[in-house]
Amino acid sequence: MLIFKLYKKEFILSSLFICLFLWASFMSILIFNQKNEILVITKDRGFFEVLKKEKETNLEVQNFLRHFIGLSLNFDKNSYDKNISKAGDMMSDALWNKQRKDFIKTSFYIKENQIIQTTQIIEVKEITDRTYEIKVENIKFKKGKTDKSFKKLVIHLSNNQRNYKNPWRYYVSDIKVK
């Protein structure tokens, strides 16, 4: 009788182990076969909205442009490299490679002269489909002096597959300063 109880206990533990192993294997296969979809949740006028691939709103474009301008034109000597790297994730590879040398030169210049720049967007206007003209006000602090200037940027956007580096539906494919 004692031997039967020992075998019964081992049988139950072995069965439990096998069931847990099968469950873990099934869940692992299920998770690896799932496609992750990045969702963007926006808040506009107090309402939350989930934006998927198919849906596009003007608010999403405006927020993308604000975020990109904020990263690329608001900086100090400590934040420039990090901000430009994040802004680079929002650019096409061709545009990033084209402007990389300028970013490196600018980084050295900002660090040498201890420049701080803040930028405020004044107006965003859609020129054509996916091309926007953005009026900005730059305030630059350099060695105790303040310089205020106004610029117009023309930014062309292209469609993007959302990913972890760039969760937006767009990337900047061209940018010009007027």
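Caption draft 1: Fine view of the packing of helix α3 (residues 80-88) against helix α4 (residues 93-113). Direction vectors running N to C along α3 and α4 enclose 165 degrees, while the axes themselves pass 10 Å from each other. The orientation of α3 relative to α4 falls into the category roughly antiparallel. You can see that α3 and α4 cross each other, and the crossing is right-handed. Across the interface between the two elements, Tyr-80, Asp-81, Ile-84 and Gly-88 of α3 pack against Trp-96, Phe-103, Thr-106, Ser-107, Ile-110 and Lys-111 of α4. Split by residue class, the contact of α3 with α4 holds five nonpolar, three polar and two charged.

Caption draft 2: Geometry of the nonpolar core. One finds Phe-64, Leu-65, Phe-68, Ile-69, Ile-155, Leu-157 and Val-172 to be the most contacted residues of the largest nonpolar core, which totals 27 residues. When residues of this core are assigned to their parent elements, the largest contribution, seven residues, is made by helix α2 (residues 58-73).

Caption draft 3: Inspection of the packing of aromatic side chains at higher detail. For the coordinates displayed, the defined rule picks out four aromatic pairs. For the ring pair Phe-64 and Trp-168, a centre distance of 5.7 Å and an interplane angle of 75 degrees mean the geometry is edge-to-face. Of this pair, Phe-64 sits in helix α2 while Trp-168 sits in the loop between β5 (145-159) and β6 (170-177), and the two are 104 residues apart along the sequence. With respect to burial, Phe-64 and Trp-168 carry one shared label: buried. For the ring pair Trp-96 and Phe-103, a centre distance of 5.5 Å and an interplane angle of 35 degrees mean the geometry is tilted. Three or more aromatic residues joined by ring pairs make a cluster, and in this case those are Phe-64, Trp-168 and Tyr-170.

Caption draft 4: Representation of the layout of surface pockets within the structure. Volume-wise, the largest pocket comes out at about 500 Å³. Along its surface, the largest pocket is lined by 22 residues, and Ser-72, Leu-73, Phe-103, Lys-151 and Val-177 are the ones closest to its centre. Those elements that provide at least two residues to the lining of the largest pocket are α2, α3, α4, β4 (131-142), β5 and β6. Ranked by residues supplied to the lining of the largest pocket, first place goes to α4 with six residues. Grouping the constituent residues of the lining of the largest pocket by class yields 13 nonpolar, five polar and four charged.

About the criteria used
- Residues numbered from 1 in each chain as written.
- Predicted model: local features only at pLDDT ≥ 70, side-chain atom pairs only at ≥ 80, totals over all residues.
- Heavy atoms only, no water.
- Axes fitted to C-alpha atoms, helices over the stretch in contact; angles between N-to-C directions.
- Helix = DSSP H or I, 4+ residues; strand = E, 2+ residues; numbered from the N terminus.
- Parallel < 35°, antiparallel > 145°, perpendicular 65-115°, else oblique.
- Left-handed = near helix turned anticlockwise from the far one by under 90°.
- Contact = heavy atoms within 4.5 Å.
- Nonpolar A, V, L, I, M, F, W, Y, C, P; charged D, E, K, R; others polar.
- Core = buried A, V, L, I, M, F, W, Y, C linked by side-chain atoms within 4.5 Å.
- Buried < 20%, exposed > 50% of the residue type's maximum accessible area, 1.4 Å probe, protein only.
- Phe/Tyr/Trp six-rings, centres within 6.5 Å; stacked < 30°, edge-to-face > 60°.
- 1 Å grid on protein atoms, 1.4 Å probe; cavity = no way out; pocket = protein on both sides within 12 Å on 5 of 7 lines; lining within 4 Å.
- Points joined across faces, edges and corners; volume = space filled by probe spheres on them.

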